[in-house]
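Structural features, examined
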Amino acid sequence: MARGDRAAFEELYRRTSPWLAVRLQRRCADEQLVAEVMQETYLAVWRAAASFTGSRTGGTAVGWLWTIAARRLVDAFRRRAHHAEPPPAAAPRPVAPAAEEEALVTTVGGDVGDALRRLAPELRDVLQAMVLDGLSVRETAVVLGLPEGTVKTRARRARIAMREELA
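Here the structure is a predicted model, which means the values were calculated and not measured. (Residues numbered from 1 in each chain as written. Predicted model: local features only at pLDDT ≥ 70, side-chain atom pairs only at ≥ 80, totals over all residues. Heavy atoms only, no water.)

**Remarks on the overall build of the chain**
Scanning the chain for helices and strands turns up 9 helices and 0 strands. Each helix and strand of the chain, ordered N terminal to C terminal, gives the series α-α-α-α-α-α-α-α-α. Residue burial in the chain is summarised as follows: out of 167 residues, 34% are buried. (Helix = DSSP H or I, 4+ residues; strand = E, 2+ residues; numbered from the N terminus. Buried < 20%, exposed > 50% of the residue type's maximum accessible area, 1.4 Å probe, protein only.)

Here's what the structure looks like:
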């Protein structure tokens with residue numbers, strides 16, 4: 001892809017777009033906004049493919065892709081807030097575990113995975129956004145539709161709960 005191979009880009013899109021769409025939809029109920037963020041994300045990936053250095057530094061292409069998408073979503077929420085429209089509420093949690101949660105369980109196993117699963121959903125969401133997705137407090141607040149103070153409080157409560165579970 002870094003050399004302009006369209007087939008490689010199409011393969012990346014084919015493999016990652018369903019996963020990325022679900023992950024974005026869990027953070028934004030506006031399908032049009034999700035589609036816009038997806039388009040901006042893949043355009044940015046195509047343009048910056050030559051600068052990807054994740055494999056040399058221990059990162060993954062999927063992690064790089066998610067970082068770009070999450071930041072594009074935050075930017076979209078900010079644009080919307082600038083135009084005095086509140087971001088739509090996050091999609092309601094499904095009854096069955098989401099693919100993202102299943103992946104989390106297989107990625108973070110053992111005692112840490114068990115402790116994560118026992119966290120209250122609102123604490124787990126903040127912890128996931130800040131630690132696993134690498135978002136700042138402000139970005140997490142925008143993505144989750146919460147005040148920054150609430151994000152900080154939930155992050156602190158999540159860390160305390162994790163410490164207690166793992167002690």
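**Description of helix α1 (residues 6-25)**
For α1, with 20 residues, the first-to-last C-alpha span of 27 Å sits near the 28 Å given by 1.5 Å per residue. Turning to α1, its buried residues number three or more, namely Phe-9, Leu-12, Thr-16, Ser-17, Leu-20, Ala-21, Arg-23 and Leu-24. Two or three places before Ala-7, at the start of α1, stands the capping residue Asp-5, its side-chain oxygen 2.9 Å from that residue's backbone nitrogen. (Expected span 1.5 Å × (residues − 1). Polar contact = N/O pair within 3.5 Å; in protein donor to acceptor, adjacent residues only side chain to side chain.)

**What about the pattern of salt bridges?**
With the rule as written, the count across this model stands at 8 salt bridges. Salt-bridge contacts for Arg-14 lead to Glu-11; the nearest nitrogen and oxygen are separated by 2.5 Å. With a gap of 3 residues between them, Arg-14 and Glu-11 both fall in helix α1, about one helical turn apart. Among the ionic pairs, Glu-165 bridges to Arg-118, the shortest N-O distance being 2.7 Å. Here the residue Glu-165 occupies a position in helix α9 (residues 148-166), and Arg-118 occupies one in helix α6 (residues 110-118), the gap between them amounting to 47 residues. A relative accessible area of 37% places Glu-165 in the partly exposed class. Taken together, the shared-partner salt bridges connect Glu-11, Arg-14 and Arg-15 into one network. (Salt bridge = Lys/Arg side-chain N within 4 Å of Asp/Glu carboxyl O.)

**Some words on the environment of Ala-49**
Assignment of secondary structure puts Ala-49 in the loop between α2 (31-48) and α3 (54-57). For Ala-49, a relative accessible area of 9% gives the class buried. Spatially, the C-alpha atoms of Ala-49 and Arg-3 are 8.3 Å apart, while their sequence positions differ by 46 residues.

**Brief notes about the packing of α1 against α2**
Two numbers describe a pair of packed helices, the interaxial angle and the distance between the axes. Orientation of α1 relative to α2, taken along the N-to-C sense of each, is 145 degrees, at an axis distance of 11 Å. Once α1 is placed against α2, the crossing between them reads as right-handed. For the pair α1 and α2, the contacting residues are Arg-6, Phe-9, Leu-12, Tyr-13, Thr-16, Ser-17, Leu-20, Ala-21, Leu-24 and Gln-25 in the first and Val-34, Val-37, Met-38, Thr-41, Tyr-42, Val-45 and Trp-46 in the second. In terms of residue class, the contact of α1 with α2 is built from 12 nonpolar, 4 polar and 1 charged. (Axes fitted to C-alpha atoms, helices over the stretch in contact; angles between N-to-C directions. Left-handed = near helix turned anticlockwise from the far one by under 90°. Contact = heavy atoms within 4.5 Å. Nonpolar A, V, L, I, M, F, W, Y, C, P; charged D, E, K, R; others polar.)

**Remarks on helix α8 (residues 137-144)**
Listed as buried for α8 are Glu-139, Thr-140, Ala-141 and Val-143. One or two residues past the end of α8 sits Gly-145, with phi positive at roughly 70 degrees.

**Structural notes on the nonpolar core**
Leu-20, Leu-24, Cys-28, Met-38, Tyr-42, Trp-66 and Leu-73 are the most contacted members of the largest nonpolar core, which totals 25 residues. Those elements that place two or more of their residues in this core are α1, α2 and α4 (61-82). The element best represented in this core is α4, accounting for 9 residues. Apart from the residues within four sequence positions on either side, Leu-24 is in contact with Val-34, Val-37, Met-38, Trp-66, Ala-69 and Leu-73. Counting 7 residues, the second-largest nonpolar core is a separate cluster that includes Ala-115, Leu-116, Ala-158 and Met-162. (Core = buried A, V, L, I, M, F, W, Y, C linked by side-chain atoms within 4.5 Å.)

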